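Per-entry structural report
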Amino acid sequence: MGLEPVLAKELIALGAKNVEEGRRMVSFTGDKEMLYRANFCLHTAIRVLKPIKHFKANSADDVYEEVKQVDWAEYLMGEKPKSFAVDSVVYSDDFRHSKFVAYRVKDAIVDQLRERYGTRPSISVTNPDIRLHIHIAGDDCSLSLDSSGTSLHQRGWRHETVDAPLNEVLAAGLIMMTGWNGETDFIDPMCGSGTLLIEAALIARNMAPGIFRKEFAFEKWNDFDRDLFEKIYNDDSQEREFNHHIYGYDVDPAAVGKARYNVKLAGLTKDISIAEQDFANFTQPREKSIIVMNPPYGERISTPNLLDTYKIIGDRLKHEFIGNDAWVLSYRDECFAQIGLKPSLKIPVINGSLECQFQKYQIFDGKFKQFRHEGGRIKSDDELKQMRERKFKSRAKREGTEEEVERVESRDGKHIFASRKRWKEREEMKRLLSEDNEG
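Reading guide: rules and limits
- Residues numbered from 1 in each chain as written.
- Predicted model: local features only at pLDDT ≥ 70, side-chain atom pairs only at ≥ 80, totals over all residues.
- Heavy atoms only, no water.
- pLDDT = per-residue confidence, 0-100.
- Contact = heavy atoms within 4.5 Å.
- 1 Å grid on protein atoms, 1.4 Å probe; cavity = no way out; pocket = protein on both sides within 12 Å on 5 of 7 lines; lining within 4 Å.
- Points joined across faces, edges and corners; volume = space filled by probe spheres on them.
- Nonpolar A, V, L, I, M, F, W, Y, C, P; charged D, E, K, R; others polar.
- Axes fitted to C-alpha atoms, helices over the stretch in contact; angles between N-to-C directions.
- Helix = DSSP H or I, 4+ residues; strand = E, 2+ residues; numbered from the N terminus.
- Parallel < 35°, antiparallel > 145°, perpendicular 65-115°, else oblique.
- Left-handed = near helix turned anticlockwise from the far one by under 90°.
- Pairing = 2+ DSSP bridges.
- Phe/Tyr/Trp six-rings, centres within 6.5 Å; stacked < 30°, edge-to-face > 60°.
- Buried < 20%, exposed > 50% of the residue type's maximum accessible area, 1.4 Å probe, protein only.
- Polar contact = N/O pair within 3.5 Å; in protein donor to acceptor, adjacent residues only side chain to side chain.

Quick notes on the confidence of the model for the protein chain
Keep in mind that low pLDDT regions are not for reading the predicted coordinates in detail. Mean pLDDT over the protein chain: 86, with 81% of residues reaching 70 or higher. With pLDDT under 50 throughout, residues 402–418 is counted as low confidence; its partners more than four residues away or in other chains account for 36 contacts.

Topic: empty space enclosed by the protein
A probe matching the size of a water molecule, rolled over the atoms, marks out where space remains unfilled. Following the criterion strictly, the structure yields one cavity of 30 Å³ or more and no others. Its boundaries defined by the atoms lining it, the largest cavity holds a volume of some 40 Å³. Lining the largest cavity, in full, are Asn39, Leu42, Leu152, Arg155, Pro209, Gly210, Arg213 and Phe216. Considering only residue class, the lining of the largest cavity consists of four nonpolar, two polar and two charged.

Quick look at the packing of helix α2 (residues 32–41) against helix α8 (residues 226–233)
Packing of α2 against α8 brings their axes to within 10 Å, and their N-to-C directions diverge by 45°. With respect to each other, α2 and α8 are oriented oblique. Two packed elements cross with a definite hand, and for α2 against α8 that hand is right-handed. The segment α2 lies against α8, with Lys32, Glu33, Tyr36, Arg37 and Phe40 engaging Leu228, Phe229, Lys231, Ile232 and Tyr233. Of the residues in the contact of α2 with α8, the class split is six nonpolar, no polar and four charged.

A short note on the sheet that holds strand β8 (residues 246–250)
Spatially, the seven strands line up as an open sheet ordered β9-β8-β7-β10-β11-β13-β12, and their pairing is mixed. Lying at the two open borders of the sheet, with one neighbouring strand each, are β9 (272–276) and β12 (345–351). Strand-to-strand twist of the sheet, defined as the mean angle between neighbouring strand axes without regard to direction, takes the value 20°. Inspection of the sheet shows strand β7 (residues 185–188) paired to strand β10 (residues 289–293) by three bridges, in the parallel sense.

Regarding the layout of surface pockets
Here the second largest pocket is characterised by a volume of approximately 1,800 Å³. Around the second largest pocket sit 48 residues that line it, and Arg24, Met25, Val26, Arg47 and Leu49 are the ones nearest its centre. For the lining of the second largest pocket, the per-class residue count stands at 23 nonpolar, 14 polar and eleven charged.

Section: the packing of aromatic side chains
All chains considered together, the criterion is met by 17 aromatic pairs. With centroids separated by 5.2 Å and ring planes inclined at 40°, the aromatic side chains of Phe279 and Phe282 adopt a geometry described as tilted. Judged by its relative accessible area of 4%, Phe279 is buried. By relative accessible area, which is 3% here, Phe282 ends up buried. A connected cluster of aromatic rings, assembled from ring pairs, spans Tyr36, Phe40, Phe216, Phe218, Phe224, Phe229 and Tyr233.

A few points about the side chain of Glu4
Relative to the helices and strands, Glu4 is located in helix α1 (residues 4–14). Separated by 2.9 Å, the side chain of Glu4 and the backbone nitrogen of Arg24 make a polar contact. Ignoring anything within four residues of it in the chain, the contact list for Glu4 reads Glu21, Gly22, Arg23, Arg24, Met25 and Val26.

Notes on helix α6 (residues 168–178)
Across the eleven residues of α6, ten count as buried, placing the element largely inside the fold. Taken residue by residue, α6 has Glu168, Val169, Leu170, Ala171, Ala172, Gly173, Leu174, Ile175, Met177 and Thr178 as its buried positions. With a side-chain oxygen positioned 2.7 Å from the backbone nitrogen of Val169, the residue opening α6 is Asn167. Gly179, located one to two residues past α6, shows a positive phi value of around 85°.

A word on the sheet that holds strand β5 (residues 130–137)
Read across the sheet, four strands follow the order β3-β6-β5-β4 without closing on themselves; strand pairing throughout is mixed. Sheet topology places β3 (49–56) and β4 (84–91) at the edges, where each strand pairs with a single neighbour. Going across the sheet, the axis of each strand differs from the next one's by a mean of 20°, ignoring polarity. Across the sheet, helix α3 (residues 60–68) touches β3, β5 and β6 (140–146), and the angle it forms with β3 is around 125°. Helix α5 (residues 98–117) contacts β4, β5 and β6 of the sheet and is inclined by roughly 140° relative to β4.

Below, the structure written as structure tokens:
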């Protein structure tokens, strides 16, 4: 949640068609090559689902009958029947138990193949050949093939970890939100096992995160095109040079050792340097830099003097990061308050089950009035536009009109946001007033 716009931009850049943002998902269309590339190249996707049937259902028996109409031999029959598993997500008053829906999907598939071929595929929860996904919202059902298998955040480069590591997909999304693309040095002063560092290197060099994966689920499909996938896997034409450097620091020597090991196994030691250092000793970097950091929140990691940690963050940024931008991910308002600096941007994101904020701090020398007088700006036009959009969508969500949000053009050409309901009411009022005037 919160990364939908970032993922949509990734898909458009990849060449996907009909890209549309939804709630915790983005839909798109494309051919088999696009399916493979989406799994291999996307930094901010958890999994890629290929829909095979949409239908309406009001009961588990309806689901059973609809699923049984699919020709499952196309997906599950080969030299021998393939094993499969069914995942289910249900938001409906008609379906109380998502697991029961999954059982009925499984029953429909097994019954069809037993009736037609006298044999049945096996069910494998841990390592199935084919993984299916059914999503039900109200009476609207979507049955899909999971083309990814294990979650795409499991890149394959992480061999050592620390407590409460940052999810790789979230780390990549945070970096992309900053707009950083490798044009300056990158610093994570509380790097843990190196998640932000490695994801930053992949982004800077435009390397596909799938390069480290052992396999994808689509490799077990009957229509898998090995030559096509090998062409995609071996295509490094979009990779680029990175002429700056990535620095990681941590006060914990064990974390430093683990981060160095992960970086080495990822083959990125040329781009990333890691050292043991307390952020209280951080000094002004010699080159233009950006900081992206994920300090402890006091939730999953117990940290003594938590608020003092955030006071130190504010002090070091204010005095030792002048002329640069810093981004901080955290959970508690009181933690952000201790930083003591005015953020230029606040972006809500979900980290695990926590509703967090990703905040940008533009560090300038001297007083704010002097900074503004000299032409400095805390927020760019694009950042102002993003904040207006987020504020409106948040208000629309509270008012129950989230699905009706649309962008409209004001008279002076600037984009503003309104709910379709309110906009229509306004237009109707204008029409009635016009009719009164004509009368």
